[in-house]
Amino acid sequence: MRRLFRVTGLVATLQVLASAAHAQRTEDYPIRAVRVIVPFSPGGPPDVIGRPLLQKLSEAFNQPFVFDNRPGASGALGTEIVAKSAKDGYTLLYTTGSHNTNTLLIKKLPYDGRRDFLPISQITLSYGQVMVVHPSLPAKTLPEFIALAKKRPGSLHFGSAGVGNITHLHGEMLMAAANIKITHVPYKGASLAQNDLLGGHIEVMFPSISQIGPLIQSKRVRAIALGGPVRAPSLPDVPTFAEHGFSQVDTPGWQAMWAPAGTPRERIARLNTEIVRVLKTPDMRARIEESGLRPIGSTPEEFAAFIERDFAFFEKAIRAAKIEPQ
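Residues numbered from 1 in each chain as written. Predicted model: local features only at pLDDT ≥ 70, side-chain atom pairs only at ≥ 80, totals over all residues. Heavy atoms only, no water.

Caption draft 1: Geometry of empty space enclosed by the protein. If you walk through the whole model with that rule in mind, you get 1 cavity of 30 Å³ or more. Taken as a whole, the largest cavity encloses approximately 230 Å³ of empty space. By residue number, the principal contributor to the lining of the largest cavity is strand β4 (residues 117-126), which donates 3 residues. Looking at the lining of the largest cavity residue by residue, the class counts come to 10 nonpolar, 12 polar and no charged. (1 Å grid on protein atoms, 1.4 Å probe; cavity = no way out; pocket = protein on both sides within 12 Å on 5 of 7 lines; lining within 4 Å. Points joined across faces, edges and corners; volume = space filled by probe spheres on them. Helix = DSSP H or I, 4+ residues; strand = E, 2+ residues; numbered from the N terminus. Nonpolar A, V, L, I, M, F, W, Y, C, P; charged D, E, K, R; others polar.)

Written as structure tokens, this is what we have:
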């Protein structure tokens, strides 16, 4: 009997020690650098918000959160790296709404966009993509642009951050709604398309306000219309597509952070707590709002529910625009 008590006591002690060790490991996370992969080229919209956010996370955790641009295949290349990484919270994904549209528009993705990732938090929500044109284009309003496109079918070119990206989908939605033809030119990132727009090599783009806002203010590009339900505070003179009778041209963009499926929930919760706290700081809120975005900071559960609604929205929009997966 005494021996049984000794064995039982030893087992209980080991269980306590194991629990304490687990708690310590969870509490100590992260104990080294965290790599955050951004599957787009440098200079794009995720850089504007993501870099200062990661800097604040580095300060909060006293460990580097490394911003790692890995562009290609409309974001699929970098996303695949995260999907196939260790499930330990040290490789994360910072991406945009293209995460959903890629799932809908790319037939042979090397990962499952819905099953291979766990949501951490939605970071921002946009007022919609803004349609901009090169200043040399004679069209100054959306009706004038549509009239020009009908007069010159296929001769106007719009650049995107890649096939399936929201900057591509927006152009397709406009073509379907207005019954016009403009030629799509995909790039490996939004910043590359922007460079060609500034150079006059393409005439049209549908970027985020965070990326293009300063160029609109400096009149290096001309804003025509906004793809959201209401006008953006930073662009009060730019009407929405809905105001011109095209309410179906609505492309709400977002940025968010994910972890590979299988990452410990305790680490997801710890990351979420700090992200939400950072997004509530006055300077971070100001930076986001100045970029024409809305700070969100949702729980993983709230973000998961949002993703399902967003997926359903774009599934319907892609069908309506008759866009075939490639």
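From this point, the narrative continues.
Caption draft 2: Examining the packing of helix α4 (residues 98-105) against helix α11 (residues 300-320) more closely. Following both chains from N to C, one finds α4 and α11 inclined at 45°, their axes separated by 10 Å at the closest point. By the angle between their directions, the pair α4 and α11 is classed as oblique. Judged by the sense of rotation from one axis to the other, the crossing of α4 with α11 is right-handed. Counted together, N100, T101, T103, L104 and L105 of α4 and I307, D310, F311, F314, E315 and I318 of α11 form the full contact between these two elements. The residue inventory of the contact of α4 with α11, partitioned by class, reads 6 nonpolar, 3 polar and 2 charged. (Axes fitted to C-alpha atoms, helices over the stretch in contact; angles between N-to-C directions. Parallel < 35°, antiparallel > 145°, perpendicular 65-115°, else oblique. Left-handed = near helix turned anticlockwise from the far one by under 90°. Contact = heavy atoms within 4.5 Å.)

Caption draft 3: Broad picture of unusual backbone geometry. With an omega dihedral of -5°, the bond running from Y29 to P30 counts as a cis peptide bond. By the element assignment, P30 lies in the loop between α1 (2-28) and β1 (34-38). Within the chain, N62 stands out as a residue other than glycine whose phi angle is a positive 60°. One non-glycine residue with positive phi stands out, namely A73, at about 55°.

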